[in-house]
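In case you want the letters, here they are:
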Protein chains: 2
Amino acid sequence: MTHPYRLMAPGPVPLAPEVLKALSEPMIHHRTPEFDQILSRVLKALPDVFQTHQRVFVQSCTGSGGMESALVNCLSHNDEIAVVVSGKFGERWAKMADAYGLIVHSLNVDWGHAVDIRQFEAFLNAHPRVRAVLTQACETSTATLHPVREMSEITRQIVPEALVMVDAITALGATPLSMDEWKLDVVIAGSQKAFMIPTGLSLISLSQRAWQAAQSARLPRFYLDLRKEQTSNQKGETFFSSNVALIKALDRVLPRLTGANRLGQIARCDGLATMTRKMAERYLGLATYSKSPSPSVTALVVPSQIDGTLVRKNLEAKYNVTVMDGQDHLKGKILRIGHLGYITDDDAVQTLVLLGKTLCDLNYNIPLDDLGALEREGRDLLKATPMP
Amino acid sequence: MTHPYRLMAPGPVPLAPEVLKALSEPMIHHRTPEFDQILSRVLKALPDVFQTHQRVFVQSCTGSGGMESALVNCLSHNDEIAVVVSGKFGERWAKMADAYGLIVHSLNVDWGHAVDIRQFEAFLNAHPRVRAVLTQACETSTATLHPVREMSEITRQIVPEALVMVDAITALGATPLSMDEWKLDVVIAGSQKAFMIPTGLSLISLSQRAWQAAQSARLPRFYLDLRKEQTSNQKGETFFSSNVALIKALDRVLPRLTGANRLGQIARCDGLATMTRKMAERYLGLATYSKSPSPSVTALVVPSQIDGTLVRKNLEAKYNVTVMDGQDHLKGKILRIGHLGYITDDDAVQTLVLLGKTLCDLNYNIPLDDLGALEREGRDLLKATPMP
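Residues numbered from 1 in each chain as written. Chains lettered and ligands numbered in written order. Predicted model: local features only at pLDDT ≥ 70, side-chain atom pairs only at ≥ 80, totals over all residues. Heavy atoms only, no water.

J.: Can you lay out the interface of chain B and chain A for me, pointing to particular residues and giving the numbers?
T.: Contacts between chain B and chain A engage 48 residues on the former and 48 residues on the latter. Carbon and sulfur atoms supply 68% of the area that chain B and chain A bury against each other, a total of about 3800 Å² over both sides. Joining chain B to chain A, the criterion identifies zero salt bridges. Put simply, the parts of the chain that give the side of chain B that touches chain A at least two residues each are α1 (17-23), α3 (63-74), α4 (88-99) and α11 (308-319) of chain B. Of the residues forming the side of chain B that touches chain A, the biggest block, four residues, is contributed by α4 of chain B. (Contact = heavy atoms within 4.5 Å. Buried area = accessible area lost by both parts, 1.4 Å probe. Salt bridge = Lys/Arg side-chain N within 4 Å of Asp/Glu carboxyl O. Helix = DSSP H or I, 4+ residues; strand = E, 2+ residues; numbered from the N terminus.)

J.: Tell me about the pattern of salt bridges, and name the residues and values.
T.: Residue and element names in this part refer to chain A. Under the defined criterion, the tally for this structure stands at 52 salt bridges over all chains. Note that E25 is salt-bridged to R252, the shortest N-O span being 2.8 Å. With E25 in the loop between α1 (17-23) and α2 (33-50) and R252 in helix α9 (residues 244-253), the pair connects residues that are 227 residues apart, well separated along the chain. The class of E25 is buried, set by a relative accessible area of 18%. (Buried < 20%, exposed > 50% of the residue type's maximum accessible area, 1.4 Å probe, protein only.)

J.: Describe the sheet that holds strand β13 (residues 324-325) of chain A, and please don't skip the residues or the numbers.
T.: Residue and element names in this part refer to chain A. A sheet is described by the order of its strands in space; here three strands give the open sequence β11-β14-β13, paired in antiparallel fashion. Of all strands in the sheet, those bounded by a partner on one side alone are β11 (297-301) and β13. Sheet analysis places β13 next to strand β14 (residues 334-338), joined by two bridges and oriented antiparallel. Directly across from D325, in β14, lies its bridge partner L335. (Pairing = 2+ DSSP bridges.)

J.: Account for the pairing of strand β3 (residues 80-85) of chain A, naming residues and giving values.
T.: Every regular strand shows the same layout, with side chains that alternate between the two sheet faces. Residue and element names in this part refer to chain A. Counted residue by residue, β3 has six buried out of six residues, so it is predominantly covered. Here β3 shows two buried faces, one formed by E80, A82 and V84 and the other by I81, V83 and V85. Bridge count for β3 against strand β4 (residues 103-108) is six bridges, and the pairing is parallel. Each residue of the ladder has a partner; that of E80, found in β4, is I103. One crossover worth recording links β3 to the parallel β4 by way of helix α4 (residues 88-99), and it is right-handed. (Right-handed = clockwise from strand over helix to strand, strands pointing away.)

This is the structure we're talking about:
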């Protein structure tokens, strides 16, 4: 029996059918009435996903390019900044800021833990001159959700001039996040996550305060300069060659993520995450790693007698399911299962069943009856949150 | 009669059928044995297109991102550089360099003219401290090919320490260009040109000299830092999330551009360009704008009594053919027809026939018999350079 390929990583994700169709259509030029309409629809729809009245910009780069865009557009050499470091992506942002000559104060948070608001408060009190506070909404490497709304409030109280910059790459469209209401100054998203299209676009929005900062920011920038992009967008164009294929794909998929479907999509991710955590614990004996699990990705603790890297490999080689290993000191210790993208009930439930079989193959005994129960119960749980 | 869509711009271009197929396949993860093989094949094949023994890097950005990558990887604040400005893309590179605090000496070349080697020599003699010389191989805005090989030789003689940086975005894969033999230090290409895949990847290669410069260069960089990418590539990975869809598409199409097909592809572009120029002059009365026409794109002069912008619009609206207008002072004065990408004989010949009809529609009289002759003769000319 061959198994269909199941991509269950926290990005890239399975593409929506309308995305695959869009990608298979002949190329069109970006200076055509057809593309003008596509770009116009996309730029009009995106703010709803961000829950903002500001413009959202589309840049041809990965999410890391978007993180760099936040820095170079709003900051200047020798600016002090505070960076939450709770995993690989926090580390990356801190290194990136350092490469640009920013003075980085890192708040190191134990991997798998959410930011503690009292610690965060003390940290900001100790660094009153920071111009920006950077955090992941979801730290993908540990599948942990941070209390971004509370962090934003505290930042406004303690360092009111500081910009709140949120890497929401693995969060936006999949977890509750309201840029304007939460008073976030920069929010960054990535195409290969909740947006269900391939890697290659970063989406970014700036508050009015961040735009003001952009006017006086002195870090050098050209490719990522949002001032140029804003001027072009106002004329209905992109400044650089438009990423026609991905913008067209985004146009097709945005109805799934906006309007009446927006909350349904967020509920769907939460439903997938909840089912995954419950069934893994109940039937596979696998605990959830994070103390603050994200609805977009779940990290399961691999039993100490088993090598998680081997589980991941075997699950892929024998059962055609891709999940992610842990990184650095978590390598072989956790397995990360994504809840983003076009994931069917079958994908989600079968991933756990096949993970169970893989564990059995490695002599970690799980009764086959239990896998049957997992399948029935998992499917039942997902009925409450159908794909919008 | 409805006409099939013909994308005849100098990028984006019609995609090869195997590219459309690759894009329509389900997403895979970049940390899988399947993608490992794809990336490995791509990185192994690309140097042949560049005619180099150096590595070629794939970055998720447009061609302009590649131009920025060249600067930030090899140069430092306050470095003097020489920039050939012969159209829109030369202007862009000069502005970009200025934004990064480089001291820019521009050699302004009349639009539509190739660099004059004696002037170039005098220019370099006047600026002996330049650390790099930047030029387009083909300036897309004027469809003009520069004598890059001779320019490289002269640069080595006059300012031997300076790096020769070539924006070959609309040239590589379509015109003769040998990075190692011509002693070019940085060569940049773009995915949506001769590579026949969508916009979104920039390809770049550095000579040993450029790599040395990269070790001491002090411009800030992270997203575009090729040192990180080199380390990851050596492990068979990309540093940032792999652009899975486009790298997979590139893998499929590279056999058309490498090995025995490489020169055939270059001959094909030359054949399309030659046919276009000859037929336009003979049967449509349209002269070629550039004094040094490129095999990758042809700019035709629009008769002064006709508005080229209107011709472009009507050709697209009525006959479903996209060609490009001129830019800035050339707007409405020239039409640019691309010869890159998956262009069939029919596409190339019908573009001219339909351009003739559009001119007739605008009361610029062309005998219908002549369009018949154009069609026959055009097809006949193209037989010598079939698509590889």
